Amino acid sequence: MALYRDASEIDFELRELAQLPRPERVWMADPAEFDVAYAINPHMRAEDGSLKRVDRPLAREQWRALKTAFEALGLEVRTIAPLAGHPDLVFCANQALPLPAEVTRDRRARFVRSNMRWPERRGEVPHVAQALSAAGMEPLELATRERLEGMGDGLWHPGRALLWAGVGPRSSAEAWSEVARYVTAPVVLLELVEPAFYHLDTALALLAEDACLWLPEALSPRSRALVERLVPRRIEADAREAHALLACNACCPDGRNVLLQRGCERTSAALRAAGFTVRELETSEFLKSGGSVFCMKLLA
């Protein structure tokens, strides 16, 4: 399908696109190995330059609370086993991009294996791929070695066959060009311009067919115009909360309930004013590694 880089290129309306059912299943990776063992994003070091320290029992408690929150919203939660020596496996949005059967050319549920930027994380990909394959999803491996980091940068629009694709620190336009050949949905490229927002899911949360939560300054002007062209209701996150608490790394599985890091007071108020129910969760241990609610799950 076509790639779109500029608002002037948009030749469709959301209502014209095929309907896409919301996922009923979420994958989470057991946090037994979670730690900050290296620094591959700006969030992982303390002010003195040292690696941040993780309280593992607290991290597990927070992970369980998130799992319970997903289950309370009616999602089936499947757990991926931990993998020795891979502390970031818990951020299981990154290792694969699910392709729903409704958007693949042969109408079969598939997933694209990621090409991770950092060597420290590349061993996570076959581990997650094995779990997805065992669940009946068929893998696709990109011919290109260009970077692609799954649902960290690839966001399916709620209810419509449209893929938002982040370009920047972790995923490349060339990789998305190959993905576009596998799907019947338009692929809209969004350029990330701030290092702290290294995945698209740290700058944009798609909430409902007509609504998103975002931090405009994390995107290039051209990319902002694309969001403005296609999403009527745009809720702007508080900039401080987006930086310090990853407010935009929220998840809205059902179009009504937004799971969000606790303490994002201004962002939460804006969401409530827009008619959403905010369910605050504590992910403070995972924020030390640059991830929160959305990073810690794979919807498939």
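The structure presented is a predicted model; accordingly, all values stated were derived computationally and were not measured.

(A) Here's a closer look at the sheet that holds strand 7 (residues 138-140). If you trace the three strands from one edge of the open sheet to the other, you get 5-6-7, paired in mixed fashion. Both edges of this open sheet fall to strand 5 (96-99) and strand 7, since each of them pairs with a single strand only. The sheet shows a mean angle of 30 degrees between the axes of neighbouring strands, direction not considered. Together, strand 5, strand 6 (110-113) and strand 7 form the strand contacts of helix 2 (residues 124-134), whose direction differs from that of strand 6 by roughly 175 degrees.

(B) How the structure looks around the environment of L271. Mapped onto the fold, L271 is located in helix 7 (residues 265-273). Note on L271: relative accessible area 0%, which makes it buried. Residues L271 and V258, spaced 13 residues apart in sequence, show a C-alpha to C-alpha distance of 8.3 Å.

(C) Layout of the side chain of E124. Residue position: E124 is located in helix 2. Apart from the residues within four sequence positions on either side, E124 is in contact with L83, H86, D88, L89, Q95 and M116.

(D) Spotlight on the pattern of salt bridges. Enumeration over the complete set of coordinates arrives at 18 salt bridges. Taking the shortest distance from any N to any O, the salt bridge between E138 and R108 comes out at 2.5 Å. Here R108 lies in the loop between strand 5 and strand 6 and E138 lies in strand 7, a separation of 30 residues in the sequence. In this structure R108 comes out as partly exposed when scored by relative accessible area, which is 41%. A salt bridge links E191 to R222; the shortest N-O distance between them is 3.1 Å. Of this pair, E191 sits in strand 11 (residues 187-191) while R222 sits in helix 5 (residues 221-230), and the two are 31 residues apart along the sequence. Note on R222: relative accessible area 35%, which makes it partly exposed.

(E) Spotlight on the environment of R105. As for its position among the elements, R105 is in the loop between strand 5 and strand 6. Overall, R105 belongs to the exposed group, its relative accessible area being 52%. Residues R105 and P42, spaced 63 residues apart in sequence, show a C-alpha to C-alpha distance of 39 Å. Among the polar contacts made by the side chain of R105, one reaches the main-chain carbonyl oxygen of R181 at a distance of 2.9 Å. At 3.2 Å, the side chain of R105 forms a polar contact with the backbone oxygen of V183.

(F) Structural detail: the sheet that holds strand 14 (residues 233-236). Taken in spatial order, the three strands line up as 12-13-14 in an open sheet, and their pairing is mixed. Looking at the sheet topology across the chains shown, the edges are occupied by strand 12 (204-208) and strand 14. The mean inter-strand angle of the sheet, taken between neighbouring strand axes irrespective of direction, is 25 degrees. Bridge count for strand 13 (residues 211-214) against strand 14 is four bridges, and the pairing is parallel. Its bridge partner lying in strand 14, A211 is registered against R233.

(G) Focus on unusual backbone geometry. Phi at R107 is positive, roughly 60 degrees, even though this residue is not glycine. Position of R107 among the secondary structure elements: in the loop between strand 5 and strand 6. Residue R107 is classed as exposed on the basis of its relative accessible area, which comes to 55%. The backbone phi angle of L246 is positive, close to 50 degrees, even though this residue is not glycine. Its location among the elements puts L246 in the loop between helix 6 (239-245) and strand 15 (257-261).

(H) Summary view of the packing of aromatic side chains. Counted according to the given criterion, the structure contains four aromatic pairs. An angle of 85 degrees between the planes, with centres 6.3 Å apart, marks the rings of F91 and F286 as edge-to-face. Of this pair, F91 sits in the loop between strand 4 (76-80) and strand 5 while F286 sits in helix 8 (residues 284-287), and the two are 195 residues apart along the sequence. F286 matches F91 in its accessibility class, with the two residues each being buried. Taken together, the ring pairs in this structure connect F34, F91 and F286 into an aromatic cluster. Seen from the ring of F294, K297 lies directly overhead, with NZ or CZ sitting 3.2 Å from the centre.

Rules behind the numbers
- Residue numbers here run from 1 along each chain, matching the order of that chain's written sequence.
- The predicted origin of the model limits local features to residues at a pLDDT of at least 70 and limits the giving and counting of side-chain atom pairs to 80 or more, whereas totals for whole chains, interfaces and linings rest on all residues.
- The basis for every side-chain value is the complete set of non-hydrogen atoms in the structure, without hydrogens or water.
- For two strands to pair, DSSP has to find at least two bridges joining them.
- Here a strand is any run of E in DSSP of at least two residues, a helix any run of H or I of at least four, and the numbering for each starts at the N terminus.
- Axis definition: a line fitted to C-alpha atoms, over the contacting stretch in the case of helices. Angles run 0 to 180 degrees between N-to-C directions.
- A contact between two residues is defined here by any heavy atoms of the two lying within 4.5 Å.
- Three labels apply to residues, based on accessible area from a 1.4 Å probe with only protein chains included: buried if under 20% of the type maximum, exposed if over 50%, partly exposed otherwise in between.
- Any carboxyl oxygen of Asp or Glu that lies within 4 Å of a side-chain nitrogen of Lys or Arg is treated as forming a salt bridge with it.
- In protein, a polar contact requires one atom able to donate a hydrogen and another able to accept it; more generally it is a pair of N or O atoms within 3.5 Å, and residues adjacent in sequence count only if both atoms are side-chain atoms.
- The criterion for an aromatic pair is that two Phe, Tyr or Trp rings (for Trp, the six-membered ring) have centres within 6.5 Å, with stacked assigned to planes under 30 degrees apart, edge-to-face to planes over 60 apart and tilted to the rest.
- Both a distance and an angle decide whether a charge sits over a ring: NZ of Lys or CZ of Arg must be within 6 Å of the ring centre and within 35 degrees of the ring normal.

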